Amino acid sequence: MRIYDIKDIMTQIDALVMRQEKFIVRLYMKKYRKDDDLRIYNGIYILTSDGAQDYLISENAQAGASYALAQDLYIQLLMVYEESSFATIEEEIVKEDIDSPIDITNTVIKTKVTRYFTYDEVLPLIDATAQAYCDNDGKQYVVGIEAITGHYPMHTFSDPGEADAYVAELDKALIEKFGVPEIDEEVTNMLAGFDFVASKGVPTIVVGRRNRLYLQGGVEKAVGIRPKSRILIGYNKADEAFVIALPEALRGRRDAQAAGYFVSAKKDITCAKLFQAQRFNEQFTYDDSDKDDRTYYMDKTSSDSAVAIFRRY
């Protein structure tokens, strides 16, 4: 049996939390004694719906030191995961007497599990070669950032549309950070005459006729909008951007509360007052021939997804 690094075991636990999978962490001390030969093994059981995994952490010949290590591990795990609704860190340390010593190799190995990064963790590790990616492992879609410096998984999705939308948001964030990547002249010439249409997974607002805005690509899921619900809509003339917000997110803004519009069952919004506003009409002219000019893509959302900003590419 091999000894595992505690940091890598915690990385595996982090992955379970990210996947919102409930699990139990149980510390153990296994003791083998024969005459003067005393060996105590410290480790962790991780119990999930798929079964239990046994990770041996150390071998010690002193009972006091072994117990202190177990206590330190318990406190460390409790401090990190106490607030998680998915993790249960058991206080009682399981003590077992075993009949034979555990055969241990000298190798300390890392767990074969993907670490999930936050965007703030990735930023110092990447350069202008960074781009968003999406992989499918057969069960879920893994989205992250890859660069010449490495491969950084960030999130998992079961729905391909949601994964698509997350990739688009990451790409926009990377462009803001590093600028628009240069495209090879040969590739530019090859693409002459081609149009690219955003997949249905990318949340967009399309300006239509009859004073309407059309919500497409899962906007209602991204911002928590329901048909026949009331939302607040604002327009920024300087940035050519829309903002959509749930009323409860802007309770302190009277001007915003007065800008309420109702979403139809077909996920479109009649916004006569907005379209008649001088600052909007000065900026925008409806043109049937150019849908791209009438399409606004989700640029960013608040941490609680109650406010979203949409801009033209």
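Structure first, text after, so check above.
Each value, and the rule that gives it
Residues numbered from 1 in each chain as written. Predicted model: local features only at pLDDT ≥ 70, side-chain atom pairs only at ≥ 80, totals over all residues. Heavy atoms only, no water. Helix = DSSP H or I, 4+ residues; strand = E, 2+ residues; numbered from the N terminus. Expected span 1.5 Å × (residues − 1). Buried < 20%, exposed > 50% of the residue type's maximum accessible area, 1.4 Å probe, protein only. Salt bridge = Lys/Arg side-chain N within 4 Å of Asp/Glu carboxyl O. Contact = heavy atoms within 4.5 Å. Pairing = 2+ DSSP bridges. Axes fitted to C-alpha atoms, helices over the stretch in contact; angles between N-to-C directions. Polar contact = N/O pair within 3.5 Å; in protein donor to acceptor, adjacent residues only side chain to side chain. Patch = residues over 30% accessible without salt bridge, like charges linked within 9 Å, V, L, I, M, F, W, Y side chains within 5 Å. Areas by Shrake-Rupley, 256 points an atom, 1.4 Å probe, with all protein chains shown as cover. 1 Å grid on protein atoms, 1.4 Å probe; cavity = no way out; pocket = protein on both sides within 12 Å on 5 of 7 lines; lining within 4 Å. Points joined across faces, edges and corners; volume = space filled by probe spheres on them. Nonpolar A, V, L, I, M, F, W, Y, C, P; charged D, E, K, R; others polar.

A.B. asks: Sorry, what's going on with helix α4 (residues 160–178) here?
C.D. replies: Each α-helix turn comprises 3.6 residues. Residues three or four places apart therefore point the same way. Helix length check: α4 (19 residues) gives 27 Å between terminal C-alpha atoms against 27 Å at 1.5 Å per residue, within 8%. Looking at α4, one finds that the buried residues are G161, A163, A165, V167, A168, L170, K172 and L174.

A.B. asks: I tried to follow the pattern of salt bridges on my own but got confused; where do I start?
C.D. replies: Between side chains of opposite charge, a pair can form as their charged atoms come close. The final tally for this structure, using the stated rule, is 4 salt bridges. In this structure, the salt-bridge partner of D37 is R39, at a minimum N-O distance of 3.4 Å.

A.B. asks: What is the right way to read the environment of G144 from this model?
C.D. replies: Locating G144 in the fold gives a position in strand β9 (residues 141–147). Residues G144 and M154 lie 10 residues apart in sequence; the distance between their C-alpha atoms is 4.6 Å. In this structure G144 touches Q131, A132, Y133, Y152, P153, M154 and L170, once residues within four positions along its chain are discounted.

A.B. asks: Help me understand the sheet that holds strand β11 (residues 204–208), please; the structure alone is not making it clear to me.
C.D. replies: Strand-to-strand pairing in sheets goes through backbone hydrogen bonds, with the strands running parallel or antiparallel. Read across the open sheet, the 8 strands follow the order β15-β13-β14-β18-β17-β11-β12-β16; overall the sheet is antiparallel. Either end of the sheet is taken by a strand with one partner, and the two such strands are β15 (260–262) and β16 (268–270). Strand-to-strand twist of the sheet, defined as the mean angle between neighbouring strand axes without regard to direction, takes the value 30°. Two strands pair when backbone bridges link them, and strand β17 (residues 295–301) and strand β18 (residues 307–311) are joined in this way by 4 bridges, in the antiparallel orientation. Paired with M298 across the strands is F310, a residue of β18.

A.B. asks: Whenever I open this one, the side chain of K30 confuses me. Can you help?
C.D. replies: Checked against the element boundaries, K30 lands in strand β2 (residues 23–34). Take K30: its relative accessible area is 11%, and that puts it in the buried class. Among the polar contacts made by the side chain of K30, one reaches the side chain of Y45 at a distance of 3.3 Å. In contact with K30, not counting residues within four places along its chain, are R39, I40, Y41, Y45, D54, E96, I98 and I102.

A.B. asks: What is the right way to read a nonpolar patch on the surface from this model?
C.D. replies: Judged by side-chain polarity, V187, M190, L191 and F194 come together as a nonpolar surface patch covering roughly 390 Å² of accessible area. By the element assignment, M190 lies in helix α5 (residues 185–190). M190 sits in the exposed class, given a relative accessible area of 56%.

A.B. asks: So what exactly am I meant to see when it comes to the layout of surface pockets here?
C.D. replies: Using a probe with the size of a water molecule, rolled over the atoms, empty space left in the structure can be pinpointed. Here the largest pocket defines a volume of roughly 800 Å³. In terms of lining, the largest pocket is formed by 31 residues, of which the most central are A165, Y166, E169, A222 and M298. When residues of the lining of the largest pocket are traced back to their parent elements, those giving at least two are β10 (150–157), α4, α6 (219–223) and β17. Counting residues per element, the lining of the largest pocket draws most heavily on α4, which supplies 11 residues. Here the residues of the lining of the largest pocket are counted per class, giving 11 nonpolar, 9 polar and 11 charged.

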